[in-house]
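# Observations on the three-dimensional arrangement
What follows is the residue order along each chain.
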Amino acid sequence: MSQTDVIVIGSGIGGLTSAALLANYGFDVIVCESHSIPGGAAHSFEYQGFKFDSGPSLHSGLSYRPSTNPLAQVLDAIGEEVPCVTYDTWGCCLPEGDFDTSVGADQFCDVLQSLRGDNAVAEWRKLQEVMAPLAEAAIAIPPASLRFDLGAIMTMGQFLPTMAKHIFNVAQLTGAFSQIIEGVVTDPFIRNWLDLLCFLLSGLPANGTSAAEVAFMFAEWYKPGVVLDYPIGGSGAIVDALVRGLQRHSGQLMLNAHVEQVVVKGGRAVGVLLRNGEEIRAKQAVISNASVWDTLKLLPEGTVSNSFQEERQATPECNSFMHLHLGIDATDIKPDLACHHIIVNHWDQIDAPQNVVLVSIPSLIDSTVAPPGKHVIHVYTPGNEPYQLWQGMDRKIQEYVQQKEQRAEVMWQGLERIIPDVRSRCEVKLVGTPITHERFLRRHRGSYGPAIRAGEGLFPGPNTPLPGLLCCGDSTFPGIGLPAVAVSGMIAANTLAPVWKHREMLERTVI
């Protein structure tokens, strides 16, 4: 039976962030990952010479400093870098038509002018004015300073004078973003656009998305000179950097190490039992990067109260994904094609099944992810594929194969708006379903994550009623994307770290 200070269950970005920071703080850390590849929903994989991203494709705040992106702050804290290609344009295929737009404020105003006219531009400018102080409030306290113990007085206290200037705005950030835009935005296209951005941030429309999440996005995306980033080599490059940071400080990553159960002794989490029968003990803590539902499955019966189990089990969930991974012939595809596209089929209900489709063609800007003369493409429906359609289906039967093809058709059709002859160019095709998502990522019902609506519920943070057990990942902190899960990992690590080491990290990275 081996022993360490801290065991982290799962190598998603939240788990790796927590583990790498803890190793940097001087803890002995072991990460147990069920899959053969680290990274969770952000991992990359190679197939027939193509390197595919399994999940996130839009990144920002990684290529410049200072950055408000918590993931960038983690990389700074552990002394790692992720080289990126930068760009500022992405394509939109909307009910109103197809066009390119850019991050930053001004070019979107040009789009609004052509689509909606002067009044829409004026409303957008007014919204920017309203969001400016909220954006400042959202970043007034660096996420890297957060911890869930009394030490927070020492780590967050130095930022309170800045926060005091924004006290009224902080109160506004706690509600749904829809409350902010009431009375400011009436133009239907802008309201639809904001619903879309909210859905991409949280899996929910504006009336369910925290105003703080949107304010953070405005701080990042709508400022002068802003760019988007693509990590050279794909999202797996971020994972590799976190793993390097972990291992450089003597942390361990165990792949194909499926945790069967959290070991509880004397009313405290003291380790994990692996499927192969190996037991690993943790002197300080066990941190679960599994989802809220999957973490509950790891707890021995009776170790937490029934009311806690019922409350956490009832956490609402986002839907799942369809994925289309393609390798295609790139002959005569124009090089100035936008590498990312968002397709919206209708505005009736932004989170309706198969309504929003995302397209990523990273080989347009990063030649390392595809063979010469080829392009790699990832098309996916982001958290809008109902798991119920797939529940209980056997992957080996013809019905499953047929349903895969039928449910993938919306992705093909969206991609054909960008590359009309893409089917004839296709050389490699992989179709993923909610069952694929569930199987490879060990995600409960293949879910994108919790769908906790702003103003109706709170994310629980890292602590649990079981001493010695902490949690991180998208079940603990608002927002489903990489910055949010990086915050969750920081909070879990910082909560365990001595305050003086935490303050030292802050001085190196954000002060």
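Summary of the structure given here. (Residues numbered from 1 in each chain as written. Predicted model: local features only at pLDDT ≥ 70, side-chain atom pairs only at ≥ 80, totals over all residues. Heavy atoms only, no water.)

### Quick word on the nonpolar core
Core analysis: the biggest nonpolar cluster contains 90 residues, and W124, W193 and I377 have the highest contact counts within it. Residue contributions to this core peak at 8 residues, all from helix 9 (residues 188-202). Those residues in contact with I377, other than ones at most four positions away along the chain, are F52, L324, H325, L326, I328, V359, S360, I361, L415, I419 and V422. Counting residues in each nonpolar core, the second largest holds 51 residues, with I141, F159, L470 and A497 among its members. (Core = buried A, V, L, I, M, F, W, Y, C linked by side-chain atoms within 4.5 Å. Buried < 20%, exposed > 50% of the residue type's maximum accessible area, 1.4 Å probe, protein only. Helix = DSSP H or I, 4+ residues; strand = E, 2+ residues; numbered from the N terminus. Contact = heavy atoms within 4.5 Å.)

### What to know about the sheet that holds strand 16 (residues 356-360)
Within a beta sheet, neighbouring strands are joined by backbone hydrogen bonds and run either parallel or antiparallel to one another. Read across the sheet, 7 strands follow the order 8-7-15-16-17-14-18 without closing on themselves; strand pairing throughout is mixed. Looking at the sheet topology across the chains shown, the edges are occupied by strand 8 (97-102) and strand 18 (426-432). Averaged over neighbouring strand pairs, the angle between their axes works out to 15 degrees when direction is ignored. The strands touched by helix 16 (residues 434-441) are strand 14 (320-329), strand 17 (374-385) and strand 18; relative to strand 14, the strand with the most contacts, the crossing angle is about 95 degrees. (Pairing = 2+ DSSP bridges. Axes fitted to C-alpha atoms, helices over the stretch in contact; angles between N-to-C directions.)

### Observations regarding a nonpolar patch on the surface
Together, L150, I153 and M154 make up an exposed nonpolar region whose accessible area comes to about 370 Å². Residue placement: L150 occurs in the loop between helix 4 (118-138) and helix 5 (152-156). Given a relative accessible area of 71%, L150 falls into the exposed group. (Patch = residues over 30% accessible without salt bridge, like charges linked within 9 Å, V, L, I, M, F, W, Y side chains within 5 Å. Areas by Shrake-Rupley, 256 points an atom, 1.4 Å probe, with all protein chains shown as cover. Salt bridge = Lys/Arg side-chain N within 4 Å of Asp/Glu carboxyl O.)

### What to know about a positive patch on the surface
Together, R395, K396, R439 and R442 give the surface a local cluster of positive charge. Structurally, R439 can be placed in helix 16. (Lys, Arg positive; Asp, Glu negative; His and termini not counted. Charge placed at Lys NZ, Arg CZ, Asp CG, Glu CD.)

### Let's talk about the packing of aromatic side chains
In the structure shown here, the tally under the stated rule is 11 aromatic pairs. Centre to centre, the rings of W124 and F218 are 5.9 Å apart; their planes meet at 35 degrees, and the pair counts as tilted. Of this pair, W124 sits in helix 4 while F218 sits in helix 10 (residues 211-221), and the two are 94 residues apart along the sequence. Taking relative accessible area as the criterion, W124 reaches 0% and is therefore assigned buried. (Phe/Tyr/Trp six-rings, centres within 6.5 Å; stacked < 30°, edge-to-face > 60°.)

### Structural notes on helix 11 (residues 236-248)
Look at helix 11: 18 Å from first C-alpha to last across 13 residues, which is about the 18 Å you get at 1.5 Å a residue. Along helix 11, the residues classified as buried are G236, A237, I238, V239, A241, L242, V243, G245 and L246. Of the residues trailing helix 11, S250 is marked for its positive phi of about 70 degrees. (Expected span 1.5 Å × (residues − 1).)

### Comments concerning the layout of surface pockets
To locate leftover empty space, one rolls a probe as large as a water molecule over the atoms. Of the voids in this model, the second largest pocket is the one considered here, and its volume is about 440 Å³. As for the second largest pocket, its lining consists of 19 residues, of which F45, H325, G432, T436 and F440 are closest to the centre. The set of elements that each furnish at least two residues to the lining of the second largest pocket consists of strand 3 (44-47), strand 14, helix 14 (398-416), strand 18 and helix 16. Take the lining of the second largest pocket: its biggest share by element is 5 residues, from helix 16. (1 Å grid on protein atoms, 1.4 Å probe; cavity = no way out; pocket = protein on both sides within 12 Å on 5 of 7 lines; lining within 4 Å. Points joined across faces, edges and corners; volume = space filled by probe spheres on them.)

### Structural notes on the pairing of strand 1 (residues 2-9)
In terms of burial, strand 1 is a largely internal element, 6 of the 8 residues being buried. Note: strand 1 against strand 2 (residues 29-32), 4 bridges, orientation parallel. Looking across to strand 2, one finds that I7 is bridged to I30. Remark: the strand 1/helix 1 (residues 13-25)/strand 2 crossover connection has right-handed handedness. (Right-handed = clockwise from strand over helix to strand, strands pointing away.)

### What about helix 9?
Under the 1.5 Å per step criterion, the end-to-end length of helix 9 is 21 Å for 15 residues, consistent within 8% with the ideal 21 Å. When helix 9 is considered as a whole, its buried residues turn out to be F189, I190, N192, W193, L194, L196, L197, C198, F199 and S202. The backbone nitrogen of F189 lies 3.0 Å from a side-chain oxygen of the residue at the head of helix 9, namely D187. Once helix 9 finishes, G203 follows within two positions and takes phi at roughly 85 degrees, a positive value. (Polar contact = N/O pair within 3.5 Å; in protein donor to acceptor, adjacent residues only side chain to side chain.)

### Quick look at the packing of helix 2 (residues 70-78) against helix 17 (residues 482-496)
Close contact between helix 2 and helix 17 brings their axes to 7 Å; oriented N to C, the two are set at 45 degrees. The angle between helix 2 and helix 17 falls in the class oblique. Here helix 2 contributes P70, L71 and V74 to the contact with helix 17, which in turn contributes L482, P483, A486, V487 and M490. Taken together, the residues that form the contact of helix 2 with helix 17 break down as 8 nonpolar, no polar and no charged. (Parallel < 35°, antiparallel > 145°, perpendicular 65-115°, else oblique. Nonpolar A, V, L, I, M, F, W, Y, C, P; charged D, E, K, R; others polar.)

### Section: unusual backbone geometry
Here R65 and P66 are connected by a cis peptide whose omega angle stands at 0 degrees. Relative to the elements of secondary structure, P66 occurs in the loop between strand 5 (59-60) and helix 2. The backbone phi angle of S250 is positive, close to 70 degrees, even though this residue is not glycine. By secondary structure assignment, the location of S250 is in the loop between helix 11 and strand 10 (252-254). S250 gets classed as exposed once you look at its relative accessible area, which sits at 56%. Positive phi, normally seen in glycine, also occurs at R442, with a value near 55 degrees. As for its placement among the helices and strands, R442 is situated in the loop between helix 16 and strand 19 (469-471). Taking the relative accessible area as the measure of exposure, R442 reaches 42% and is therefore partly exposed.

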